[in-house]
Amino acid sequence: MTISNLPPKGTSDWWPDEFANRKYIFDTWRTVNRQFGYDEYLTPMLESAEVYRAKSGEDVGGKELMTMIDRAGRELAIRPEMTPSVTRMVTRFYKQSPKPLRLFSIANYYRNERPQRGRNREFWQLNTDIFGTTSLWADLEILQVALELVLAFNPPAGSFVLRLNHRQLIDAALTEVAQLPAELVTPTVRLLDKYGKIGKEKFINSSTDLGVSDAAIEALIQFIECRNLDDLVTQFPIFAENKGFQDTQTLLQSLTDLGYGDWITFNASIIRGFDYYDGMVFETFDTHPKNNRALFGGGRYNGLANIFGSEDIPAVGFAPGDETMRLFLESWDLLPSETADPQHIFFPLFDESLVNECTQLAQTLRRAGFRVEQGVEQQSFKQALKYANNKGFAYTLILGSNEAAEGKIVVKNMQDGSQETVEQANLVAALNGS
């Protein structure tokens, strides 16, 4: 039997050049988070399945969940997201920890969904969260980190936008404006979350099937298509005293004062489908015509911890994925071009009798901070240069019997073809340009 050498559907092999792109993304994420004082953590890849079924929504916590039964008969799930997992972890250490807790992680996840552009079954994701404060300024900081996370890639003006909303506005639209009975709130908000994908006609039909009145449907459409806070309060004066409205107004003004005005806007269609959000919610969007899509989002979730028997732990955060970020960078030509690493050196073996001398020199260079790939088979000069060019080394070292007898070595610059002969004792200094 021959086994396919392709990875499972919805997963990917990362060849070194692709891994370099992902590493660039991850390194940038890590740098921005650490600049704001966040500490890195990690949770297990497996959790009790009920952790996600409780609050992750009907898709992520239901049909997309990849589960298994362990030897003790417990149902476990491969993590499809981090928020319930990190909340579980925080409940264990919360009381003895200084507050607020600023945490981030970069980890891989799995959802048993249909693969499509920008959505793989296995994906990597950054999670950034603040625990232990209800302060509006924590919301502001999370939004600032989210913006800086994209701006760190030096995108052009107008390349993305952060769209802000508030669950208290959404709740008021459902219960006070549309006056929905309690049993229709959850299914209707899930329809609202899909409004941009399914369109107005399907939303109307699906809402009617749920039993939502025509007047309520009209009011909800009027709400969700609103793109300006002034227009919102003009159409629905009831929102003027809504805390969600006031907080959103404050956040937008504060972000504008901080210089982010060109990158932010209010948008009533931002719902965030997870059941645990209960405050500010947002999503960032790529505006490129060939990749016009959501990049990532997040929001405030103050009540999630109680599913673990804990007191409520206020929290706010967001989570960008690697694939949507890669597509954003690719669309705007922001991925780094391949350039030779000046620390990357090839040291071929031209004479097996010199293997010990080559190894000692290579070790000296590595201890000095250079990345040295050493030949393990004797080869010709032509073969060595062909390999060095294909691999993109910055330098190739040439050590033959004549050079060895004189205590010297040839350093060949693979970018411009120049070369110089230096004393072996001065090799590190020569490569450092001194």
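Residues numbered from 1 in each chain as written. Predicted model: local features only at pLDDT ≥ 70, side-chain atom pairs only at ≥ 80, totals over all residues. Heavy atoms only, no water.

Chemist: Can you break down the overall build of the protein chain residue by residue, with the values?
Modeler: Of regular secondary structure, the protein chain possesses 16 helices and 16 strands. Relative to its length of 434 residues, the protein chain is extended, with a C-alpha radius of gyration of 28 Å against a globular reference of 22 Å. Its C-alpha atoms put the protein chain at 90 × 55 × 50 Å along the principal axes. Taking all 434 residues of the protein chain together, the buried fraction comes to 49%. Taking all contacts inside the protein chain whose residues are at least 6 apart in sequence as the whole, residues at least 24 apart take part in 67%. Here the protein chain contributes 43 positive and 57 negative side-chain charges, whose respective centroids are spaced 4 Å apart. (Helix = DSSP H or I, 4+ residues; strand = E, 2+ residues; numbered from the N terminus. Rg over C-alpha atoms; globule rule 2.2 N^0.38 Å. Buried < 20%, exposed > 50% of the residue type's maximum accessible area, 1.4 Å probe, protein only. Contact = heavy atoms within 4.5 Å. Lys, Arg positive; Asp, Glu negative; His and termini not counted. Charge placed at Lys NZ, Arg CZ, Asp CG, Glu CD.)

Chemist: I'd like a description of the side chain of Asp322, backed by residues and values.
Modeler: Here Asp322 lies in helix 12 (residues 322-331). The exposure class of Asp322 is buried, given its relative accessible area of 3%. For Asp322, the contacting residues outside a window of four places in its chain are Trp14, Arg22, Ile25, Phe26, Trp29, Phe123 and Trp124.

Chemist: So what's going on with the side chain of Gln374? Which residues, and what values?
Modeler: Mapped onto the fold, Gln374 is located in strand 13 (residues 371-378). Separated by 2.9 Å, the side chains of Gln374 and Thr359 make a polar contact. Beyond its immediate sequence surroundings of up to four residues, Gln374 is in contact with Phe347, Val355, Cys358, Thr359, Ala362 and Arg366. (Polar contact = N/O pair within 3.5 Å; in protein donor to acceptor, adjacent residues only side chain to side chain.)

Chemist: I'd love a proper account of helix 13 (residues 355-367), names of residues and values included.
Modeler: Helix length check: helix 13 (13 residues) gives 18 Å between terminal C-alpha atoms against 18 Å at 1.5 Å per residue, within 8%. Burial in helix 13 covers these residues: Cys358, Leu361, Ala362 and Leu365. Buried residues along helix 13 cover an arc of 100 degrees about the axis, so they all sit on one side. Exposed and facing more than 90 degrees away from the buried side of helix 13 are Asn356, Gln360 and Arg367. (Expected span 1.5 Å × (residues − 1). Arc of directions from axis to C-beta.)

Chemist: With reference to specific residues and values, describe helix 5 (residues 136-151).
Modeler: Given a rise of 1.5 Å per residue, 16 residues ought to cover 22 Å, and the 23 Å separating the end C-alpha atoms of helix 5 matches this to within 8%. Of all the 16 residues making up helix 5, 12 are buried; the element is thus mostly covered by neighbouring parts of the structure. All of the buried residues in helix 5 are Leu136, Ala138, Asp139, Leu140, Glu141, Ile142, Leu143, Val145, Ala146, Leu147, Leu149 and Val150.

Chemist: Please set out the sheet that holds strand 2 (residues 46-48) residue by residue, giving values where relevant.
Modeler: Taken together, three strands build an open sheet; the order of strands is 2-4-3 and the sheet is antiparallel. Looking at which strands have only one partner, the edges of the open sheet turn out to be strand 2 and strand 3 (67-69). On average, each strand axis in the sheet is tilted by 40 degrees relative to the strand beside it, whichever way the strands run. In this sheet, strand 4 (residues 75-78) lies alongside strand 3 in antiparallel orientation, the contact comprising three bridges. In the strand pairing of strand 4, Ile69 is matched with Glu75. (Pairing = 2+ DSSP bridges. Axes fitted to C-alpha atoms, helices over the stretch in contact; angles between N-to-C directions.)

Chemist: Quick one: what's the story with the sheet that holds strand 16 (residues 419-423), residue by residue and with numbers?
Modeler: The mixed open sheet is built from five strands, whose spatial order is 13-12-14-15-16. Because the sheet does not close on itself, it has two edges, and the strands there are strand 13 and strand 16. Averaged over neighbouring strand pairs, the angle between their axes works out to 25 degrees when direction is ignored. Bridge count for strand 15 (residues 408-413) against strand 16 is five bridges, and the pairing is antiparallel. Among the inter-strand pairings, Val411 is bridged to a residue of strand 16, identified as Glu420. Along the sheet, helix 13 contacts strand 12 (344-349), strand 13, strand 14 (395-398) and strand 15; its crossing angle with strand 13, the most-contacted strand, is approximately 165 degrees. Together, strand 12, strand 13, strand 14 and strand 15 form the strand contacts of helix 14 (residues 381-391), whose direction differs from that of strand 12 by roughly 160 degrees.

Chemist: Account for the packing of aromatic side chains, with residues named and values stated.
Modeler: The description of two aromatic rings rests on the distance between their centres and on the angle between their planes. The full count for this structure, using the stated rule, is 21 aromatic pairs. Here Phe282 and Phe296 contribute two aromatic rings whose centre-to-centre distance is 6.5 Å and whose plane-to-plane angle is 85 degrees, an arrangement assigned as edge-to-face. With Phe282 in strand 9 (residues 280-286) and Phe296 in strand 10 (residues 293-300), the pair connects residues that are 14 residues apart, well separated along the chain. If you follow Lys99 out to its NZ or CZ, it ends over the ring of Tyr94, 4.5 Å from the centre. The ring of Phe285 carries Arg163 above its face, with NZ or CZ at 4.0 Å from the centroid. (Phe/Tyr/Trp six-rings, centres within 6.5 Å; stacked < 30°, edge-to-face > 60°. Lys NZ or Arg CZ within 6 Å of the ring centre and 35° of its normal.)

Chemist: Which residues make up the nonpolar core, and what are the values?
Modeler: Counting 69 residues, the largest nonpolar core has Trp29, Leu180, Phe223, Leu232, Phe239, Phe282 and Phe318 as the members making the most contacts within it. Here the element with the most residues in this core is helix 5; it accounts for 10 residues. When residues no more than four places from it in sequence are discounted, the contact partners of Leu232 are Leu169, Phe223, Cys226, Phe239, Phe245 and Phe266. Core analysis: the second largest hydrophobic core is formed by 23 residues, Met89, Tyr94, Ile313 and Ala315 among them. (Core = buried A, V, L, I, M, F, W, Y, C linked by side-chain atoms within 4.5 Å.)

Read these as layout, nothing more, since geometry by itself doesn't imply function.
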